[in-house]
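Listed below are the residues making up each chain.
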Amino acid sequence: IIGLYPYLFKISSDKKTAKNILGRLELKCGISSAEYRGEDAVYFQWDYPCIWACTCYFAYEALKNVGLNDDAKRIAIKYINNVNVQFKKTGKIWEKYDVCWP
């Protein structure tokens, strides 16, 4: 997600690169905080395959700032859907979610 910060803070307006970053982080159920680096990689709390409300919001704003409004909306909807599905399963709202849940 840090790759989208220049767009979040309006340092850059390069729509093509923002779209490329999105393509590397977006998965079935949201936008991951970091890229998948293989099965042998060590992943930490803020790492792949986690999605957090704050990082999802940052991505949403960054995408809107460069005019990728449809992509921003899709990311927001995926996050909300992820929360809804997990709430229905567990009856709880979680701090983070998995962007790869089936």
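Conventions used here
Residues numbered from 1 in each chain as written. Predicted model: local features only at pLDDT ≥ 70, side-chain atom pairs only at ≥ 80, totals over all residues. Heavy atoms only, no water. Axes fitted to C-alpha atoms, helices over the stretch in contact; angles between N-to-C directions. Helix = DSSP H or I, 4+ residues; strand = E, 2+ residues; numbered from the N terminus. Parallel < 35°, antiparallel > 145°, perpendicular 65-115°, else oblique. Left-handed = near helix turned anticlockwise from the far one by under 90°. Contact = heavy atoms within 4.5 Å. Nonpolar A, V, L, I, M, F, W, Y, C, P; charged D, E, K, R; others polar. Phe/Tyr/Trp six-rings, centres within 6.5 Å; stacked < 30°, edge-to-face > 60°. Buried < 20%, exposed > 50% of the residue type's maximum accessible area, 1.4 Å probe, protein only. Expected span 1.5 Å × (residues − 1). Arc of directions from axis to C-beta.

With their axes 7 Å apart at the nearest point, helix α3 (residues 53-65) and helix α4 (residues 69-90) run at an angle of 165° to one another. Here α3 is positioned roughly antiparallel relative to α4, judged by the angle of their axes. Handedness of the α3/α4 crossing: left-handed. Listed contacts from α4 to Ala53, Cys56, Tyr60, Leu63 and Lys64 of α3 are Asn69, Asp71, Ala72, Lys73, Ile75, Ala76 and Tyr79. Grouping the amino acids of the contact of α3 with α4 by side-chain chemistry returns eight nonpolar, one polar and three charged.

Looking now at the packing of aromatic side chains. Tallied over the full model, the rule gives eight aromatic pairs. Ring centres 5.4 Å apart and planes at 50° place the aromatic pair Tyr43 and Tyr48 in the tilted group. Classification of Tyr43 as partly exposed rests on a relative accessible area of 25%. Given the relative accessible area of 15%, Tyr48 is considered buried. Centroid distance Tyr57 to Phe58: 6.5 Å. Interplanar angle 55°. Geometry classified as tilted. Using a relative accessible area of 47% as the deciding quantity, one classes Tyr57 as partly exposed. When its relative accessible area of 27% is taken as the criterion, Phe58 is described as partly exposed.

Taking 1.5 Å per residue as the helical rise, α3 with its 13 residues ought to reach 18 Å, and the 18 Å between its terminal C-alpha atoms agrees with that figure. For α3, the full list of buried residues reads Thr55, Cys56, Ala59, Ala62 and Leu63. The buried residues of α3 occupy an angular sector of 125° when projected down its axis, which confines them to one face. Packed against the buried residues of α3 are α1 (5-8), α2 (15-25), β2 (30-31), β3 (50-52) and α4. Trailing α3 by a residue or two, Gly67 shows a phi angle of about 85°, which is positive.

Looking now at the side chain of Gln86. You can see Gln86 is positioned in helix α4. With relative accessibility at 14%, the residue Gln86 sits in the buried group. Aside from chain neighbours lying at most four places away, what touches Gln86 is Gly91, Lys92, Trp94, Tyr97 and Trp101.

Residue Pro49 is reached from Tyr48 by a cis peptide bond, and omega for that bond is 0°. Assignment of secondary structure puts Pro49 in the loop between β2 and β3.

Read these as layout, nothing more, since geometry by itself doesn't imply function.
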